[in-house]
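Structural characterization, general
Each chain, letter by letter, is given below.
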Amino acid sequence: MCSEHILESNINRFQVALLIWYKFYGRHNLPWRKQSLSSYEIVIAEVLLQRTKAETINKYYQDFISTFPNWEAIVKSSLSFLENKLRSIGLYRQRAQRLKNLAIEMVRRNGEFPQTRSSLELMPFLGQYIVNAILLQIFNQPTPLLDVNMSRVLERYFGNRQLSDIRYDPYLQDLAYRVVNHKDSKIINWAILDFAAEICTARKPQCEKCLLSATCQFVEKTLI
């Protein structure tokens, strides 16, 4: 099942509300959201953010970039040194090895990412989420940063997915692409992620502060 049953007017209402909320309450000062970042800085942020809170990476990101300012710096460092730098944010062995492999590939490519999904997916360390981040933030394609947090917001408001793995659920994937298909696609993505962190939290969501509570399926169900 895809999201065809969801009216475009409902998606528009959702987009408008999230953009308004983000304007006043979004996390605008996160260093990886600056306009002038290189493709390297963008991808490193996404690698570090995987399964790690933004607040944690916010304290760590600039130090990592200072230590490893480019792909060549990662290639030249020892794996043990890279692991040590990643130790404080967890999953450091797995993250270090995969990041090392990606850096080797990027040096071979002279720092240039391919522009198609099929080519990006063949590269080491680039799962669906990071591929989407590259297409969105480097190549300006309206692509969703779909993770468990975005999924939670979309499902609560529009309705639940059918499959356990969000990467393969046709309804959620289709819905996410429809929601971010907007001239401000990057901002829509960030707004949803910030909203998930601040308002539509996994536990004890603050529905009383939500601009969308009057039309939210989750709120409707909790009132029954």
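First, a word on what this report is: a plain description of the structure on this page. Bear in mind the structure is a predicted one, so any value in this text is a computation, not a measurement. Per chain, residues are indexed from 1 in the order of the written sequence. Local features in this predicted model are restricted to residues of pLDDT 70 or higher, and side-chain atom pairs are both shown and tallied only at a pLDDT of 80 or more, whereas totals for entire chains, interfaces and linings draw on every residue. Each side-chain value is derived from all of the structure's non-hydrogen atoms; neither hydrogens nor water enter the calculation.

**Considerations on the environment of leucine 135**
Numbered from the N terminus, helices here are DSSP runs of H or I no shorter than four residues, and strands are runs of E no shorter than two. With respect to the helices and strands, leucine 135 occurs in helix 9 (residues 128–137). For the pair leucine 135 and glutamine 115, spaced 20 residues apart in the sequence, the C-alpha separation amounts to 7.3 Å. Apart from the residues lying within four places of it in its own chain, the contact partners of leucine 135 are Gln115, Arg117, Leu120, Asn140, Gln141 and Thr143. Contact definition: two residues touch when any of their heavy atoms are within 4.5 Å.

**Quick look at unusual backbone geometry**
Peptide bonds are mostly trans, and most non-glycine residues show a negative phi. Its identity as a non-glycine residue notwithstanding, arginine 51 has a phi of 60 degrees, on the positive side. Among the secondary structure elements, arginine 51 is positioned in the loop between helix 2 (39–49) and helix 3 (54–58). Look at arginine 51 and you get exposed, because its relative accessible area is 75%. In this structure, lysine 204 takes a positive phi of about 50 degrees despite not being glycine. Mapped onto the fold, lysine 204 is located in the loop between helix 12 (185–198) and helix 13 (217–223). The classification of residues rests on relative accessible area computed with a 1.4 Å probe and restricted to protein chains. Under 20% of the type maximum is buried, over 50% is exposed, and intermediate values are partly exposed.

**Points about the layout of surface pockets**
Any residue with an atom within 4 Å of a point lines the site, the site being either a cavity, points on a 1 Å grid over the protein atoms alone where a 1.4 Å probe fits but cannot get out, or a pocket, an open set with protein on both sides within 12 Å along at least 5 of 7 lines. Grid points are joined across faces, edges and corners, and a volume is the space filled by probe spheres set on the points. Of the pockets and cavities examined, the largest pocket occupies roughly 1,200 Å³. Looking at the largest pocket, it is lined by 37 residues, and the ones nearest its centre are Leu49, Gln50, Arg51, Asp147 and Asn149. When residues in the lining of the largest pocket are grouped by element, the largest group, 4 residues, is from helix 12.

**Overview of empty space enclosed by the protein**
Using the criterion set out here, one finds 1 cavity of 30 Å³ or more in the structure. Put simply, the largest cavity is a space of about 130 Å³. As for the largest cavity, its lining consists of 15 residues, and the residues nearest its centre are Arg156, Phe195, Cys200, Cys210 and Cys216. Of all the elements in the fold, those that place two or more residues in the lining of the largest cavity are helix 10 (148–158) and helix 13. Residue contributions to the lining of the largest cavity peak at 3 residues, all from helix 10.

**Overview of the pattern of salt bridges**
Salt bridges are counted wherever a side-chain nitrogen of Lys or Arg sits within 4 Å of a carboxyl oxygen of Asp or Glu. Enumeration over the complete set of coordinates arrives at 11 salt bridges. Two residues, glutamate 55 and arginine 27, come together in a salt bridge whose shortest N-O distance is 3.2 Å. Of this pair, glutamate 55 sits in helix 3 while arginine 27 sits in the loop between helix 1 (8–25) and helix 2, and the two are 28 residues apart along the sequence. With relative accessibility at 40%, the residue glutamate 55 sits in the partly exposed group. Relative accessible area serves as the criterion here: at 16%, arginine 27 is assigned to the buried category. In this structure, arginine 27 engages aspartate 194 in a salt bridge whose closest nitrogen and oxygen atoms are separated by 2.8 Å. One end of the pair, arginine 27, is in the loop between helix 1 and helix 2; the other, aspartate 194, is in helix 12, with 167 residues separating them in the sequence. Accessibility classification places arginine 27 together with aspartate 194 in one group, the buried group. Through salt bridges that share partners, Arg27, Arg33, Glu55 and Asp194 make up one connected network.

**Some details on the packing of helix 1 against helix 11 (residues 170–180)**
Axis lines are fitted to C-alpha atoms, over the contacting stretch for helices. Their N-to-C directions set the angle, which ranges from 0 to 180 degrees. It is the contact of helix 1 with helix 11, at a shortest axis distance of 9 Å, that shows an interaxial angle of 60 degrees. Between helix 1 and helix 11, the angle is such that the two are oblique. Of the two elements, helix 1 crosses helix 11, and the hand of that crossing is right-handed. Together, Glu8, Ile11, Phe14 and Gln15 of helix 1 and Leu175, Arg178 and Val179 of helix 11 make up the contact between the two elements. Side-chain classes are defined by residue name, with Ala, Val, Leu, Ile, Met, Phe, Trp, Tyr, Cys and Pro counting as nonpolar, Asp, Glu, Lys and Arg as charged, and the others, Gly among them, as polar. Residue composition of the contact of helix 1 with helix 11, by class: 4 nonpolar, 1 polar and 2 charged. Any angle that falls under 35 degrees is termed roughly parallel, while one over 145 is termed roughly antiparallel, one within 65 to 115 roughly perpendicular, and all others oblique. Crossing chirality is assigned from the near helix's rotation relative to the far helix, an anticlockwise turn below a right angle marking it left-handed and a clockwise turn marking it right-handed.

**Quick notes on helix 1**
A helix is expected to span 1.5 Å multiplied by its residue count minus one. The end-to-end C-alpha separation of helix 1 is 25 Å, in line with the 26 Å expected for 18 residues at 1.5 Å each. Ile11, Phe14, Gln15, Ala17, Leu18, Trp21 and Tyr22 are the residues of helix 1 that are buried. Its buried side turned inward, helix 1 meets helix 10, helix 11 and helix 12.

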